Amino acid sequence: MAKTREPAKVLLLGASGYIGRHAMAALGRSWTIGTYCNTPFDRGIYFDPAKMCVRDIIPSGAKIEYAVILFAQLGLDACKADLAASNEINVRSAIRAIDELIELGIKPVYTSSQAVFDGEKGGYTEDDIP
């Protein structure tokens, strides 16, 4: 008899946001592990990316193949108002999480907004300079 393989998990770092909630709903709870920082949800795992390590929040025995980084300080005005906090979450914490995921053998998927561009041209691609 063939051994049934447990589904690979997707870790959604910042699953309490709009995209994270929809990703969890689309993938299903059996495929996802989700984190939150400010907005708790049922079976969510607390994770403050500015103060915590990813390895400390992964459940024992979880077989995580991918991690999608969805956490961020949102809103251009909020980011402009506190550049240090924005840089800590949106840049340094994301880099730390990516480095740690790679060390753990988990493939990181990084998301960002189109706000890295000035809005002059439109139709941006990965080759465009932010």
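Bear in mind that the values here come from a model prediction, so they are computed numbers and not experimental data.

Asks: What is the right way to look at the side chain of Ser 93 in this model?
Replies: In this fold, Ser 93 is placed in helix H3 (residues 83–103). Taking relative accessible area as the criterion, Ser 93 reaches 2% and is therefore assigned buried.

Asks: Teacher, can you tell me more about the sheet that holds strand S4 (residues 64–69) here?
Replies: Where strands meet in a sheet, backbone hydrogen bonds hold them as pairs that are either parallel or antiparallel. The sheet built from 5 strands is open, its strands ordered S3-S2-S1-S4-S5 with parallel pairing. The open sheet terminates on both sides in strands that have one partner only, identified here as strand S3 (45–46) and strand S5 (107–110). Relative to S5, S4 runs parallel, the two sharing 4 bridges. Counted as the bridge partner of Ala 67 is Pro 108 from S5. Its contacts with the sheet place helix H1 (residues 18–27) against strand S1 (9–13) and strand S2 (32–36), and it is angled at close to 165° to S1. Against the sheet, H3 contacts S1, S4 and S5, and its axis sits at roughly 155° relative to S5.

Asks: How should I be thinking about the pairing of S4 in this particular structure?
Replies: Looking along a regular strand, one sees side chains alternate from face to face of the sheet. By the bridge criterion, 5 bridges tie S1 to S4 in an arrangement that is parallel. Along S4, the bridge assignment pairs Leu 13 with Ile 69.

Asks: What is the right way to look at the environment of Arg 55 in this model?
Replies: Its place among the elements puts Arg 55 in the loop between S3 and S4. Among all residues touching Arg 55, those that are not within four sequence positions of it are Glu 100, Glu 103 and Leu 104.

Asks: Which parts of the structure should I look at to understand the layout of surface pockets?
Replies: Empty space among the atoms can be located by rolling a probe the size of a water molecule over them. The computed volume of the largest pocket comes to approximately 1,000 Å³. Around the largest pocket, the lining comprises 38 residues; the ones closest to its centre are Phe 71, Ala 72, Gln 73, Leu 74 and Asn 90. Put simply, the parts of the chain that give the lining of the largest pocket at least two residues each are H1, S2, helix H2 (76–81) and H3. Here the lining of the largest pocket takes 6 residues from H3, the largest share from any one element. Each residue belonging to the lining of the largest pocket can be placed in one class, and the counts come to 21 nonpolar, 14 polar and 3 charged.

Asks: Sorry if this is basic, but what is going on with the confidence of the model for the chain here?
Replies: Summary statistics for the chain give a mean pLDDT of 87 and a share of 92% for residues scoring 70 or more. When the elements of the chain are averaged for pLDDT, H2 gives the smallest value, 79, and S3 the largest, 96.

Asks: It is not clear to me how the side chain of Lys 9 should be interpreted in this structure. Could you clarify?
Replies: Tracing the sequence through the fold places Lys 9 in strand S1. By relative accessible area, Lys 9 is classed as buried at 16%. Beyond its immediate sequence surroundings of up to four residues, Lys 9 is in contact with Arg 29, Ser 30, Trp 31, Thr 32, Ile 33, Lys 63, Ile 64, Glu 65 and Tyr 66.

Asks: What exactly am I supposed to notice about the packing of aromatic side chains here?
Replies: We describe a pair of aromatic rings using the distance from one ring centre to the other and the angle between the two ring planes. Evaluated as defined, the whole model comprises 3 aromatic pairs. When the centroid spacing of 5.8 Å and the interplanar angle of 65° are considered together, the rings of Tyr 36 and Tyr 46 count as edge-to-face. Of this pair, Tyr 36 sits in strand S2 while Tyr 46 sits in strand S3; the two residues are 10 residues apart in sequence, bridging distant segments of the chain. Accessibility expressed as a relative area gives 15% for Tyr 36, which makes it buried. Between Phe 47 and Phe 71 the ring centres are 6.3 Å apart and the planes differ by 65°, which places this aromatic pair in the edge-to-face class. Separated by 24 residues along the polypeptide, Phe 47 in the loop between S3 and S4 and Phe 71 in the loop between S4 and H2 bring together distant segments of the chain. A residue is classified by how much of its surface remains accessible, and Phe 47, at 3% relative accessible area, is buried. Relative accessible area serves as the criterion here: at 12%, Phe 71 is assigned to the buried category.

Criteria and cut-off values
Residues numbered from 1 in each chain as written. Predicted model: local features only at pLDDT ≥ 70, side-chain atom pairs only at ≥ 80, totals over all residues. Heavy atoms only, no water. Helix = DSSP H or I, 4+ residues; strand = E, 2+ residues; numbered from the N terminus. Buried < 20%, exposed > 50% of the residue type's maximum accessible area, 1.4 Å probe, protein only. Pairing = 2+ DSSP bridges. Contact = heavy atoms within 4.5 Å. Axes fitted to C-alpha atoms, helices over the stretch in contact; angles between N-to-C directions. 1 Å grid on protein atoms, 1.4 Å probe; cavity = no way out; pocket = protein on both sides within 12 Å on 5 of 7 lines; lining within 4 Å. Points joined across faces, edges and corners; volume = space filled by probe spheres on them. Nonpolar A, V, L, I, M, F, W, Y, C, P; charged D, E, K, R; others polar. pLDDT = per-residue confidence, 0-100. Phe/Tyr/Trp six-rings, centres within 6.5 Å; stacked < 30°, edge-to-face > 60°.

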